[in-house]
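Observations on the model geometry
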Amino acid sequence: MIENRGAAHHRERMAEALKEQITIILEGELADPRIGLCNVTEIVYAPGGKAARVLIQVEGTPDEQRETIEGLTAARAYIRSSVRDAIGKRHVPELTFHLDESERIGGRINELLGRVEKRAKKLKR
């Protein structure tokens with residue numbers, strides 16, 4: 001059990017370090033015009049720790065969001081090697097970039113809950 005907690009803690013620390021370093025890279029090191037205004041919302045490690053999903057929130061239209069993810073995917077080898085150099089680790093997981101749609105989905109859920117609440121109030125009258 002102690003080993004599992006230690007491994008989980010290590011993964012959490014690595015995820016935080018990855019998030020910080022990728023954010024720094026996104027803020028100033030990438031010159032790809034496809035990459036718009038974006039930020040890292042979460043790092044999700046695969047169970048073995050050899051891969052990580054980088055969830056990105058992108059401002060703009062769906063086309064701009066898609067282009068940003070494409071640009072980041074094209075630059076993932078550069079991003080991975082920059083992160084490796086910055087954090088001083090020999091192994092950095094393979095990175096895949098995905099659009100974080102939790103805010104949009106959360107907004108839709110709130111909208112639907114509001115409708116349900118309004119209907120419930122009407123039925124109580």
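Above this text you will find the structure in question.
Residues numbered from 1 in each chain as written. Predicted model: local features only at pLDDT ≥ 70, side-chain atom pairs only at ≥ 80, totals over all residues. Heavy atoms only, no water.

Some thoughts on the overall build of the chain
Short version of the rule: Under the scheme used here, helices are H or I runs from DSSP no shorter than 4 residues and strands are E runs no shorter than 2 residues, and both carry numbers assigned from the N terminus. Two things to know: the radius of gyration comes from C-alpha atoms, and the globule rule equals 2.2 Å times the number of residues to the power 0.38. Each residue is placed in one exposure class: buried if its accessible area under a 1.4 Å probe, protein chains only, is under 20% of its type's maximum, exposed if it is over 50%, and partly exposed if it falls in between. Two residues qualify as a contact provided that any one of their heavy atoms is within 4.5 Å of a heavy atom in the partner residue. Counting rule applied: Lys, Arg positive; Asp, Glu negative; His and chain ends not counted. Note on charges: their place is set at NZ of Lys, CZ of Arg, CG of Asp or CD of Glu.
A tally of helices and strands in the chain yields four helices and three strands. Helices and strands appear in the chain in the N-to-C order α-β-β-α-α-β-α. Since a compact globule built from 125 residues should have a radius of gyration of about 14 Å, the 19 Å found for the chain marks it as more spread out than a globular shape. Principal axes of the C-alpha set define a box for the chain whose edges measure 65 × 45 × 20 Å. Counting the 125 residues in the chain, one finds 27% classified as buried. Partitioning the contacts of the chain with sequence separation of at least 6, the portion at a separation of at least 24 is 60%. In the chain, 22 positive and 20 negative side-chain charges are present, and the distance between their average locations comes to 9 Å.

Thoughts on the pattern of salt bridges
Cut-off, in case you're wondering: One speaks of a salt bridge when a side-chain nitrogen belonging to Lys or Arg is within 4 Å of a carboxyl oxygen belonging to Asp or Glu.
Scanning the model with the defined rule gives six salt bridges in all. A salt bridge links Arg115 to Glu111; the shortest N-O distance between them is 2.9 Å. Of the two residues, Arg115 and Glu111 both sit in helix α4 (residues 102-124), four residues apart, roughly one turn of that helix. One network of salt bridges, in which partners are shared, links Asp63, Arg66 and Glu70.

Side note on the nonpolar core
Condition: To define a nonpolar core, start from buried Ala, Val, Leu, Ile, Met, Phe, Trp, Tyr and Cys residues and group those joined through side-chain atoms within 4.5 Å.
Core analysis: the biggest nonpolar cluster contains 23 residues, and Ile22, Ile43, Val54, Ile56, Ile79 and Phe97 have the highest contact counts within it. Of all the elements in the fold, those that place two or more residues in this core are α1 (2-28), β1 (38-45), β2 (51-58), α2 (62-74), α3 (76-87) and β3 (94-99). Here this core takes six residues from α1, the largest share from any one element. With sequence-adjacent residues up to four places away left out, Ile22 is seen in contact with Val40, Ile43, Val54, Ile79, Val83, Leu95 and Phe97.

Digging into the side chain of Gln65
Its place among the elements puts Gln65 in helix α2. Judged by relative accessible area, which is 18%, Gln65 ranks as buried. Aside from chain neighbours lying at most four places away, what touches Gln65 is Val58, Gly60 and Leu99.

Some details on the environment of Ala46
With respect to the helices and strands, the residue Ala46 is situated in the loop between β1 and β2. In the structure, Ala46 is positioned 39 residues away from Asp85 in sequence and 22 Å away in space, judged by C-alpha atoms.

Looking at the environment of Gln57
Mapped onto the secondary structure, Gln57 falls in strand β2. Judged by its relative accessible area of 18%, Gln57 is buried. Spatially, the C-alpha atoms of Gln57 and Thr68 are 9.9 Å apart, while their sequence positions differ by eleven residues. Setting aside residues up to four positions removed in sequence, Gln57 forms contacts with Leu37, Cys38, Asn39, Thr41, Asp100 and Glu103.

Thoughts on the pairing of β1
What counts is decided by this rule: When DSSP finds at least two bridges between two strands, those strands are taken to pair.
Sheet analysis places β1 next to β2, joined by seven bridges and oriented antiparallel. The partner of Glu42 across the bridge, within β2, is Leu55. Linking β1 back to β2 in an antiparallel pair, the connection comprises five residues, with Gly49 at a positive phi of about 80 degrees.

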